[in-house]
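Residues per chain, in single letters:
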Amino acid sequence: MHAYGTVVACLFLLEQVVPFMGKRYSFICLAPVFIAVFVAQVHSSPPVMKEELPNIIQVFQRASEGHQETLRGKLRVEAQDGSLLLEDNQQVLHVIPGESITHREILDEDYLLTPKELGQEIVAELPAGFTFLTTRHYVICYDTSLGYARWSAALLERLFSGFHAFWSQAGLDVSQPEQPLIVIIFSNRNDYERAAKKEVGGAAHSIVGYYNQLTNRITTYDITGSDSTDTTPSQSSHSVGIEILRNPRASSLIATLVHEATHQLAFNAGLHVRLSPTPVWLSEGIATYFETPDLTNSRGWRSIGAINTTRLELVVQQFTPGLLSRFIADDKPFHDSDEALVAYAHAWVFVSFLATMKKDAFCSYVAHFDTKEPLGKDSAADRMAEFKTAFGMTPDALEPELIQYINSLARRKRP
Ligand SMILES: [Zn+2]
């Protein structure tokens with residue numbers, strides 16, 4: 001049994017990031033806060049249907065001072081006013097206002113980069129000193145020690161396999177990502193904060209890593225703080241792992257990395273669609289279901305669905321009747337600093353309950369979110385109706401069974 005004492009939260013909206021977290025480490029997942037205007041345009045004039053969209057296009061755009069910019073990418077959404085959501089070959093989503101587009105053309109050429117090309121292009125945009133390594137499913141860009149990058153890569157690959165095996169065995173049709181998943185690791189907190197500030201603003205100082213839906217990347221830093229330039233190939237990920245576990249913040253780091261990596265996997269394996277209306281309780285419930293670290297071995301993480309002790313304690317102490325219904329209808333409880341941590345705890349236990357006791361219904365419910373369009377919007381009534389369709393009852397009607405489940409987990413945790 002390990003001590004897992006750090007509470008972590010992952011908030012979808014920047015302005016609500018964790019003033020209440022104090023010294024605890026938290027992390028966030030960026031949502032479409034930068035593109036509210038475009039979202040409004042899409043909602044006021046429904047987007048062109050997906051089937052009609054050409055695949056890869058080149059867009060010529062009027063930029064400042066009469067300059068012209070060119071962007072190539074996969075067309076994800078087209079609003080009726082001509083505004084576009086484009087995904088470039090580094091997986092970054094761009095919003096292009098219709099009035100700035102002077103010309104566009106369909107491209108017939110190969111669009112995807114090899115993992116090596118992808119690593120080279122990303123490193124070229126990072127501060128000096130960065131390099132990258134490629135693994136089966138990841139491109140890890142780093143300026144810390146090779147050993148730390150390798151240890152992180154091994155953890156991520158283990159999570160990748162575990163994540164895909166878990167959902168396949170549950171009966172969900174998961175898909176392999178089209179391109180490698182990108183992770184950026186800074187060698188030290190200062191450099192990380194400087195870079196993170198551009199994406200997360202003032203929240204950078206309170207978070208140890210984040211997944212950004214716009215860039216599809218995870219950004220984090222080396223918590224061993226070694227700031228090491230040691231790139232000796234002999235530095236094994238096992239010895240780095242032992243060093244990491246000696247760090248008092250190991251539990252927080254591993255939980256954060258796994259939590260954010262789970263979000264990234266879910267958005268790249270057909271569970272969620274980037275910038276689509278995925279309920280926060282579902283996304284966070286899945287991420288917290290996977291996040292439990294295993295500090296008994298140097299690999300740091302092994303289990304899926306282990307009891308998340310901190311969150312269980314919170315939900316036992318502060319079970320809130322009706323909260324499920326509220327967060328199924330609306331994400332608000334996660335954006336309310338007084339209620340967010342309790343909401344996370346409820347989301348964790350609810351996903352644990354559904355994945356264990358209602359597996360088939362849960363899988364069909366989860367699969368439904370892969371059909372959502374980017375920048376779409378669901379009303380509270382839509383969200384509630386989708387839940388009832390999948391589970392055959394309201395969340396309130398499920399609460400007595402959930403309470404029994406919580407009690408059974410609490411009994412298991414007792415010495
Ligand atoms: Zn999260």
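This is a predicted model, so every value here is computed, not measured.

What counts as what
- Counting from 1, residues in each chain are numbered in the order their sequence is written.
- Given that this is a predicted model, residues contribute local features only at a pLDDT of at least 70 and side-chain atom pairs are listed and counted only at 80 or more, while totals for whole chains, interfaces and linings are drawn from all residues.
- The way it works is that DSSP assigns letters per residue, a run of H or I at least four long becomes a helix, a run of E at least two long becomes a strand, and they are numbered from the N terminus.
- Every C-beta atom is placed from the backbone, and the number of other C-beta atoms within 10 Å of a residue's own sets its class: buried at 20 or more, exposed at 12 or fewer, partly exposed in between.
- Contact between residues is assigned whenever the C-beta positions, reconstructed from backbone atoms, fall within 7 Å.
- Between any two strands, at least two bridges found by DSSP are needed for them to pair.
- Think of each axis as a best-fit line through the C-alpha atoms, taken over the contacting stretch in the case of a helix, with angles from 0 to 180 degrees between the N-to-C directions.
- Roughly parallel covers angles under 35 degrees, roughly antiparallel covers those over 145, roughly perpendicular covers 65 to 115, and oblique covers all other angles.
- In this classification, the charged set is Asp, Glu, Lys and Arg, the nonpolar set is Ala, Val, Leu, Ile, Met, Phe, Trp, Tyr, Cys and Pro, and all remaining amino acids, among them Gly, are polar.

1. Things to note about the overall build of the chain
Helices and strands together make up the secondary structure of the chain, namely 14 helices and 12 strands. Across the 415 residues of the chain, 43% fall into the buried class. A sequence separation of at least 24 residues applies to 70% of the contacts in the chain between residues at least 6 apart.

2. Observations concerning the environment of Leu86
Inspection of the secondary structure puts Leu86 in strand S5 (residues 84-87). Judged by the 22 C-beta atoms lying within 10 Å of it, Leu86 falls in the buried class. Every residue in contact with Leu86, bar those within four places of it in the chain, is listed here: Val59, Leu71, Gly73, Lys74, Leu75, Arg76, His94 and Ile96.

3. A closer look at the pairing of strand S3 (residues 56-62)
By the bridge criterion, seven bridges tie S3 to strand S4 (residues 68-78) in an arrangement that is antiparallel. Bridge pairing in S4 places Gln61 opposite Glu69. As consecutive antiparallel partners, S3 and S4 are separated by five residues, and within that stretch Glu65 has a phi angle of approximately 55°, a positive value. For S3 and strand S7 (residues 101-106), the ladder comprises five bridges, and the chain directions are antiparallel. Across the sheet, the residue bridging to Gln58 is Glu105, located in S7.

4. Thoughts on the sheet that holds S7
Reading across the sheet, the five strands line up as S6-S5-S4-S3-S7 and stay open at both edges, with antiparallel pairing between neighbours. A strand with exactly one partner marks an edge of an open sheet, and here the two such strands are strand S6 (93-96) and S7. The sheet shows a mean angle of 45° between the axes of neighbouring strands, taken without regard to direction.

5. What to know about the packing of helix H7 (residues 280-290) against helix H11 (residues 340-357)
Packing of H7 against H11 leaves a shortest axis separation of 8 Å and a crossing angle of 75°. The angle between H7 and H11 places the two elements in the roughly perpendicular class. Contacts between H7 and H11 involve Trp281, Glu284, Gly285, Ile286, Thr288 and Tyr289 on the former and, on the latter, Tyr344, Ala347, Trp348, Phe350, Val351, Ser352 and Ala355. Its residues placed into classes, the contact of H7 with H11 shows nine nonpolar, three polar and one charged.

Spatial relationships are all this shows, so hold off on functional conclusions.
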